[in-house]
Structure formats: structure tokens, C-alpha cells
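One letter stands for each residue in the lines below.
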Amino acid sequence: VLESLKGVNRGRLHLAAASTVNYFAPRLLAVFQRRYPGIGLQLDITNRESLVQMLEANAVDLVLMGQPPSRVEVESEPFMDNPLVVIAPPEHPLAGVADIPLARLAEESFVMREPGSGTRQAMERIFAEQGLAIRHGLQMTRNEAVKQAVRSGLGLSVVSLHTIELELETRRLVVLDVEGFPQRRHWFLVYRQGKRLSPAARAFRDFVIAEASGIAAPVALGG
Ligand code: PGA
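Residues numbered from 1 in each chain as written. Predicted model: local features only at pLDDT ≥ 70, side-chain atom pairs only at ≥ 80, totals over all residues. Heavy atoms only, no water.

Chemist: Sorry if this is basic, but what is going on with the packing of helix α2 (residues 25-35) against helix α8 (residues 199-216) here?
Modeler: Two measures define how a pair of helices packs: the angle their axes make with one another and the distance between the axes. Close contact between α2 and α8 brings their axes to 10 Å; oriented N to C, the two are set at 130°. By the angle class used here, α2 and α8 are oblique. Between α2 and α8 lies a crossing of right-handed hand. Between α2 and α8, the residues in contact are Arg27, Leu28, Leu29, Val31, Phe32 and Arg35 and Ala200, Ala203, Phe204, Phe207, Glu211, Ala212, Ile215 and Ala216, respectively. (Axes fitted to C-alpha atoms, helices over the stretch in contact; angles between N-to-C directions. Helix = DSSP H or I, 4+ residues; strand = E, 2+ residues; numbered from the N terminus. Parallel < 35°, antiparallel > 145°, perpendicular 65-115°, else oblique. Left-handed = near helix turned anticlockwise from the far one by under 90°. Contact = heavy atoms within 4.5 Å.)

Chemist: Is there a simple way to explain the pairing of strand β3 (residues 62-65) in this structure?
Modeler: Residues in a regular strand project their side chains so that they alternate between the two faces of the sheet. Along β3, one buried face is formed by Leu62 and Leu64 and the opposite face, lined by Val63 and Met65, is buried too. Bridging between β3 and strand β10 (residues 186-192) involves 3 bridges; their strand directions are antiparallel. Within β10, the position partnered with Val63 by the bridge is Val190. (Buried < 20%, exposed > 50% of the residue type's maximum accessible area, 1.4 Å probe, protein only. Pairing = 2+ DSSP bridges.)

Chemist: Just to check I follow, could you spell out the site of the ligand for this structure?
Modeler: Taken together, Ala18, Ser19, Thr20, Asn47, Arg48, Gly66, Arg113, Ser117, Gly118, Thr119 and Arg185 make up the full set of residues adjacent to the ligand. Contact distances for the ligand include 2.9 Å between an oxygen atom and a backbone N or O atom of Arg48. Here an oxygen atom of the ligand and a side-chain polar atom of Ser117 are 2.8 Å apart. For the ligand, the accessible surface in isolation is 280 Å², of which the surrounding protein chains cover 99%. Here the residues of the shell around the ligand sort into 1 nonpolar, 7 polar and 3 charged. (Near = heavy atom within 4 Å. Polar contact = N/O pair within 3.5 Å; in protein donor to acceptor, adjacent residues only side chain to side chain. Areas by Shrake-Rupley, 256 points an atom, 1.4 Å probe, with all protein chains shown as cover. Nonpolar A, V, L, I, M, F, W, Y, C, P; charged D, E, K, R; others polar.)

Chemist: Would you mind going over the side chain of Glu108 with me for this structure?
Modeler: Relative to the assigned elements, Glu108 resides in the loop between α4 (102-105) and β6 (109-112). Owing to a relative accessible area of 15%, Glu108 belongs among the buried residues under this scheme. At a separation of 3.0 Å, a polar atom in the side chain of Glu108 contacts the side chain of Arg104. Not counting residues within four places of it along the chain, the set of residues in contact with Glu108 comprises His92, Leu94, Arg135 and Leu156.

Chemist: What am I meant to see in unusual backbone geometry here?
Modeler: A negative phi holds for most residues other than glycine; trans holds for most peptide bonds. Residue Pro182 follows Phe181 across a cis peptide bond; omega there is -5°. Along the polypeptide, Pro182 turns up in the loop between β9 (174-175) and β10. Positive phi, close to 50°, is recorded for Asn58, a residue that is not glycine. Position of Asn58 among the secondary structure elements: in the loop between α3 (48-56) and β3. Take Asn58: its relative accessible area is 41%, and that puts it in the partly exposed class. The phi angle at Asp99 is positive, at roughly 50°, despite the residue not being glycine. Looking at the secondary structure, you find Asp99 in the loop between β5 (84-88) and α4. For Asp99, a relative accessible area of 61% gives the class exposed.

Chemist: Just to check I follow, could you spell out the packing of aromatic side chains for this structure?
Modeler: What characterises a pair of aromatic rings is the spacing of the ring centres plus the angle enclosed by the ring planes. The final tally for this structure, using the stated rule, is 7 aromatic pairs. Site record: aromatic cluster; members linked through ring pairs are Phe32, Tyr36, Phe204 and Phe207. (Phe/Tyr/Trp six-rings, centres within 6.5 Å; stacked < 30°, edge-to-face > 60°.)

Chemist: Just to check I follow, could you spell out the sheet that holds strand β1 (residues 12-18) for this structure?
Modeler: Pairing between the strands of a sheet comes from backbone hydrogen bonds, and it takes one of two forms, parallel or antiparallel. Pairing within the open sheet is mixed, and its 5 strands lie in the order β2-β1-β3-β10-β4. On the outer flanks of this sheet lie β2 (40-46) and β4 (74-81), each paired with one strand and no other. With strand direction ignored, the average angle separating the axes of adjacent strands in the sheet is 20°. Note: β1 against β2, 7 bridges, orientation parallel. Of the residues in β2, the one forming a bridge with Ala17 is Ile45. Sheet strands in contact with α2 are β1 and β2, and its direction is about 170° off that of β2.

Chemist: Before we go on, may I ask you to explain the nonpolar core in this structure?
Modeler: Nonpolar side chains tend to gather and get buried jointly when the protein is soluble and globular. One finds Val21, Phe24, Phe32, Leu62, Val63, Phe79 and Phe204 to be the most contacted residues of the largest nonpolar core, which totals 41 residues. If you list the elements that add at least two residues to this core, you get β1, α2, α3, β3, β4, β10 and α8. In terms of residue count, α8 provides more of this core than any other element does, 8 residues in total. Ignoring sequence-local partners within four residues, the contact set of Phe204 consists of Leu13, Leu15, Leu29, Phe32 and Leu62. Counting residues in each nonpolar core, the second largest holds 20 residues, with Phe110, Phe127, Val174 and Leu176 among its members. (Core = buried A, V, L, I, M, F, W, Y, C linked by side-chain atoms within 4.5 Å.)

Laid out in C-alpha cells, this is it:
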């Protein structure tokens, strides 16, 4: 055991994660780093489109993302729930309203992430599946900017529940009770098919699959 641990506890591990993963990745890395202090960690945070390009270029060991790509052959394993919710400022007329039909949201304007965002893709798919169009308001490249814009009354948005833990606690944002939401999604651990994982990458993969959910599961939404 000691011998194999020695092999694991060194080298570099290059990880890349969707910008939404940023909200819980540090908690995972803290536990992993304590266990394997000899592994040098690099984490790149970017949007879905850039992650797919990194996979295509075989430029990273492992990727944490919201939806595995279809244009690159990959191994992908779900490791945690990733509910998508509709957010509004607390003073919004729809706050506290039960069972809001999705069609009602087509009348509202939405703060959108950039076109390369997985969150944006998911949001467009949800509306398109019901034959509805999203009224696009501001476009912003960061989850933080989106949340501030919604908070300031510039529109509604759809985000991963992981991004709004603090805002829910302090009631700066509320989750709307919309038909079909929370949308059930998962986080996936992804790497290129056929890639030979280093011992460090294998250790991180095993750690995420076994323990991520216990460390960083999304908060429960109050009824
Ligand atoms: P993104 O990531 O919106 O930052 O691309 C989230 C996802 O892929 O679901």
C-alpha cells in the first residue's frame, strides 16, 4: 500500500472545470490536497465550449462539466446532482407564486450567459422543448455578473443551484416555483476515450466519484 501511495502522491494533475463548478471545486481540492500533498494541482475554470476544445486537443487530464460533449469521444461518469433553477430578486411579482407555467416566463426578459456556456445551452433547450422563445436581455460571461444583474432587477435567469447558496441564505435572490423546475441535471467527470490516466488522475477520479457528493452536494430547496 505504501509503495503504491508513493507512486500516486507526486506529479502534476491538470484539471479543467465549468465556471459553475468553481462554486464547489475548491472544497473538493482542499480535501484531495490534504490527502495527497505531493500532487501539484492546476485547475482551469472556463465555459463549456472551451472545455470541449481542451478535450479535443487532449490538453487536460480530467474535466468536470455539466454535460458530456458529443463531438469528442469521451469517458464520462456522473458524480453529483446539478439542479437548474429560475432565479429572481425577492421583490419580483412572481416571487412566492406557486406553479408558474413556463409560458408565463416567456413574457419576462432573461439575463443570458455567453453562447459557449453549458448553462445557456440547457436553458435554451428547456424553452425550445416547449416551443417557447426566451426573451434575451443582457448577456454576461460570468455567473457572478448574472447574479448581480438579476439582483438589480435587470431580468430573470436560470442558474445551477450551486451558484446561489449564499444569496439564498441572505435572501438576496429567490428561486421561482416554475413548472418543470428544478431541472434535474448532473455533474460529470470526463476524460478522452482511451486516455491512460496517471496514478494522480486515477486517484482524483476515484475520489470525486466516491466523495464529491458527500462534500459538496447542492443545498436542499425549502418547500
Ligand atoms: P458553463 O458551465 O455554463 O459555465 O459553461 C456549466 C455547464 O456546463 O452546465
